Amino acid sequence: MIDGVELIQKTYSTMKERHEAARKAFGRPLTLTEKILAAHMPLPVDEDGKALVRKKSYANLFPDRVALQDATAQMALLQFMQAGKKEVAVPSTVHCDHLISAQKGAKPDLLRAIDENQEVYDFLQTVSQKYGLGFWKPGAGIIHQVVLENYAFPGGMMIGTDSHTPNAGGLGMVAIGIGGADAVDVMAGFPLNLRWPGVIGVKLTGTLSGFAAAKDVILKLMGILTVKGGTNHIVEFFGPGAASISATGKGTIANMGAEHGATTSVFAYDASMERYLRATNRGAWADLANAHKAELAADPEVYADPSKFYDQVVEIDLSSLDPHLVGPHTPDLAHPVQTMKDTVAKEGWPAEITSALIGSCTNSSYEDVSRAASLADAALKAGLKAKVPFLITPGSETIHLTIQRDGQMATFDKAGGSVLANACGPCIGQWDREDVKKGVKNAIVTSFNRNFRGRQDSNPETLAFIGSPEQVTAMAFSGRLDFDPRRDSIKTPDGKDFKFPAPSGDELPKQGFLVDKDGLIRPPADGSKVSVAVDPKSKRIALLAPFTAWDGKDITGARVLMKAKGKCTTDHISAAGKWLTFRGHLDNIANNTFIGATNAFSDKIGEGKSLLDGSTKSYPDVARGYKAAGVPWIAVGDENYGEGSSREHAAMQPRHLGGKAILVRSFARIHESNLKKQGMLPLTFANPADYDKVKEDDLVDIVGLAALAPGQQLTVKLTHADGTSDSFPVNHTMSGEQIEYFKAGSALNLVAKQQKS
Ligand code: SF4
């Protein structure tokens, strides 16, 4: 499998030609987004050569790479094993970052995590070796920082099983966070079916100065776009201000774009990216990008008249940008720092903070750390120490080693800070916090990207605010939520007033990065002899058995396991929280199936009636009873069934527990597609009012399966307990190929079958 510079050469080799074809097909100049997407697909055109893709239609794209984080990689790779492939079709990597909790500091935390998660790591390492994936060990770094340092390239396209995959947009890549099922498709050689996005243009003018940082660009934009404003769009940054921001600063902006709902965010190739590529030992990549500069930016006509080509244009002047804090509980509640004094008083928020945290995948570049350390250094020289716990999470071992050599770590240490493992830690809630009890109202500041209630410390009473690493560092020394380092001073031990100087720091290390040489385990050339480590007694990892193929008959005598009332999201179908531990064990995680769904017959949550004995039990128990007795079942839902996270467990679990069909008023698209992939019948009421006809004690037949064809309705017959019956038509959106998934038992069964023939 080709990788590295050859992979880039391959992508670039057809880029110009594909852009030319796309210009012709669209009949106009192209945005950068359109250029990168067009370079990763054969663009479908009609008889007149006009582009067949348009906003909201779906297109088949072929990404260059896949990256998986340890929590989502488990089920994705268990499924990939079923495809019968010898190796992944595109370069792919696994990153062990989410399962390490922060407690006592980098070393002890890492050792404890390795001990606690050994079976998961062993599985991920051996499955990676068998199928040709790179395996980044626990402690090597956070997925997005490691990708930026090693794999991202201008004009490339990647997918990742994590929401903040867009981080690689800082190096000019279209990088999209997707669910495990889509990752399995791409690793198995299939295209990514992506909704063609609209494009929002963000023009940056001026230059950042003083306390204003790249983070403030995205915090300001969050206030403008809000948490929904980017949905189904790619955000494209341009303008002279964009060129003035470092590549890692661009990464920060692109990373947090996930919070306004954008498909991803992207910057055009420029000198900052060249500097970063060369500093991370990828000079040959920079040479190639330099040779294709015109292809790695939007067409000049787009920049000359942006409102003609972008769906929306936002302008931000970096020269007048104030440092911001966003929060609490949502990232789009943006406050310029100078307004915090009034806002804190007005809202009754605690004026004193209890912790300050910097780092994470969003903000742990050399530049971020250096600028934060410059402030800590100035405060130390004035005799000050951090007033509250000050936690620093480096994004990778490369950053960790480099800041250790260059002294920033020693500065944090002297200031009373604690350097944590190179992992997600507090950012994903892996924070065993002992200083504040659950239920106690308090405020924290972080340079992370999410601040939902309870996200960091599981305490719903914690008010989390997000700011730049510089702002958060200054607040660690002041201990106050309303501290504006440009205006306020801190009393030193000798009674003087200390005011922070403007932060300063190198964009890249003068002596170069100290590269982590041990973090990556490369796969052997031939992994066929590697056996995948799965302890048969493990409660966290279990190999998957293929789902059974369709028996060629109509479904008859099925029971209604569950009829959901109102919202039934993927969280209601497969709850998160403590259940995440079982993400690699389908049978164990299936014990949460539908436990969040509201029973339309009783209004109770998570439980229903077993028609085997009339008892009321939790849905998974009822389903297991039906499965053991050989009784098929269906589930019924209302509008937009399966909205929310794209996790494939919500489709696999009902299938595993013996479900045959999901019949709803309407589906959320990704969930519907996941059901098809798992061989479940996703059906919608042709007449939405027929939802009301379904009764708790019904026997259900689904008739017409032998003639199942695209666009062909099926018939549902309900036999009610009183002997009466109802029949009505139901729709499906399965294509010919997806009908084959159903017949084979799942998409992967079909792939495996084709592989053998
Ligand atoms: S550091 Fe936070 S945002 Fe980044 S990948 Fe980890 S959990 Fe996600």
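Every chain begins its residue count from 1, and numbering advances along the sequence as written. In keeping with the predicted nature of the model, local features appear solely for residues at pLDDT of at least 70, side-chain atom pairs appear and are counted solely at 80 or more, and the whole-chain, interface and lining totals rest on all residues. Side-chain figures throughout are based on the complete set of non-hydrogen atoms in the structure, without hydrogens or water.

A. Representation of the packing of aromatic side chains. Think of it this way: a Phe, Tyr or Trp ring, Trp meaning its six-membered ring, pairs with another when their centres are within 6.5 Å, and the plane angle makes it stacked under 30 degrees, edge-to-face over 60, tilted otherwise. Using the criterion set out here, one finds 22 aromatic pairs in the structure. Geometrically, the ring pair formed by Phe-153 and Trp-285 is edge-to-face, given 6.4 Å between the ring centres and 90 degrees between the ring planes. With Phe-153 in the loop between helix 7 (143–150) and strand 5 (157–160) and Trp-285 in helix 13 (residues 283–291), this residue pair connects regions lying 132 residues apart in the sequence. Note on Phe-238 and Tyr-310: the rings are 5.4 Å apart at their centroids and 20 degrees apart in plane angle, and the pair reads as stacked. Here Tyr-310 lies in the loop between helix 15 (306–309) and strand 11 (312–317) and Phe-238 lies in strand 9 (residues 233–238), a separation of 72 residues in the sequence. In this structure, Phe-238 and Tyr-310 share a single accessibility class: buried. Following the ring pairs from residue to residue traces out a cluster consisting of Phe-390, Phe-412, Phe-477, Phe-483, Phe-498 and Phe-500. We call a charge positioned over a ring when the NZ of a Lys or the CZ of an Arg lies within 6 Å of the ring centre and within 35 degrees of the ring normal. Here the guanidinium or amino end of Arg-282 rests over the ring plane of Trp-285, the centre of that ring lying 4.9 Å away. The ring of Tyr-691 has Lys-563 lying over it, and the distance from NZ or CZ to the ring centre is 4.3 Å. Secondary structure is summarised from DSSP: a helix means a run of H or I of at least four residues, a strand means a run of E of at least two, and numbering begins at the N terminus for each. When a residue's accessible area, from a 1.4 Å probe over protein chains only, is under 20% of the maximum for its type it is buried; when over 50% it is exposed; and in between it is partly exposed.

B. Structural context of the site of the ligand. When we say a residue is near a molecule or strand, we mean one of its heavy atoms is within 4 Å of it. Near the ligand, the surroundings consist of His-98, Ile-142, His-144, Asp-162, His-164, Ser-360, Cys-361, Cys-424, Cys-427, Ile-428, Asn-449 and Arg-455. In this classification, Asp, Glu, Lys and Arg are treated as charged, Ala, Val, Leu, Ile, Met, Phe, Trp, Tyr, Cys and Pro as nonpolar, and every other residue, Gly included, as polar. In terms of residue class, the shell around the ligand is made up of 5 nonpolar, 5 polar and 2 charged.

C. Summary view of the pairing of strand 15 (residues 390–393). Neither face of strand 15 is open: one carries Phe-390 and Ile-392, the other Leu-391 and Thr-393, and all of them are buried. Strand pairing follows a simple DSSP-based rule, namely that at least 2 bridges must link the two strands. Alignment of strand 14 (residues 353–359) against strand 15, held across 4 bridges, turns out to be parallel. Bridge assignment links Ile-358 to a residue of strand 15, and that residue is Ile-392. For a crossover, the right-handed case is the one in which the path from the first strand over the helix to the second runs clockwise, viewed with the strands pointing away from the viewer. Considered for its hand, the β-α-β crossover made up of strand 14, helix 17 (residues 366–381) and strand 15 is right-handed. Of the strand pairs in this sheet, strand 15 and strand 16 (residues 417–419) are connected by 3 bridges, and their pairing is parallel. In the strand pairing of strand 16, Ile-392 is matched with Val-419.

D. The sheet that holds strand 22 (residues 555–563), seen in detail. Pairing within the closed barrel is mixed, and its 7 strands lie in the order 22-25-26-27-30-29-28. With strand direction ignored, the average angle separating the axes of adjacent strands in the sheet is 40 degrees. Summarising the sheet, strand 27 (residues 681–685) and strand 30 (residues 725–731) pair through 2 bridges and their orientation is antiparallel. Across the sheet, the residue bridging to Phe-685 is Val-730, located in strand 30. We call two residues contacting when some pair of their heavy atoms lies within 4.5 Å. Only the contacting stretch of a helix is used when fitting its axis, a line to C-alpha atoms as for every element, and angles between N-to-C directions run 0 to 180 degrees. Of the strands in this sheet, strand 22 and strand 25 (633–637) touch helix 23 (residues 619–629), which is tilted by about 170 degrees from strand 22.

E. Quick peek at the packing of helix 4 (residues 70–80) against helix 6 (residues 118–131). In contact at an axis separation of 10 Å, helix 4 and helix 6 are set at 50 degrees when each is read in the N-to-C sense. Accordingly, the angle class assigned to the pair helix 4 and helix 6 is oblique. Crossing hand, helix 4 versus helix 6: left-handed. Residues Asp-70, Ala-73, Gln-74, Leu-77, Leu-78 and Phe-80 of helix 4 pack against Val-120, Tyr-121, Phe-123, Leu-124, Val-127 and Tyr-131 of helix 6. Orientation is classified from the angle alone, with under 35 degrees giving roughly parallel, over 145 giving roughly antiparallel, 65 to 115 giving roughly perpendicular, and any other angle giving oblique. For a crossing to be left-handed, the near helix must be turned anticlockwise from the far one by less than a right angle; the clockwise case is right-handed.

F. Highlighting helix 25 (residues 669–677). Listed as buried for helix 25 are His-671, Glu-672, Asn-674, Leu-675, Lys-676 and Lys-677. Trailing helix 25 by a residue or two, Gly-679 shows a phi angle of about 80 degrees, which is positive.

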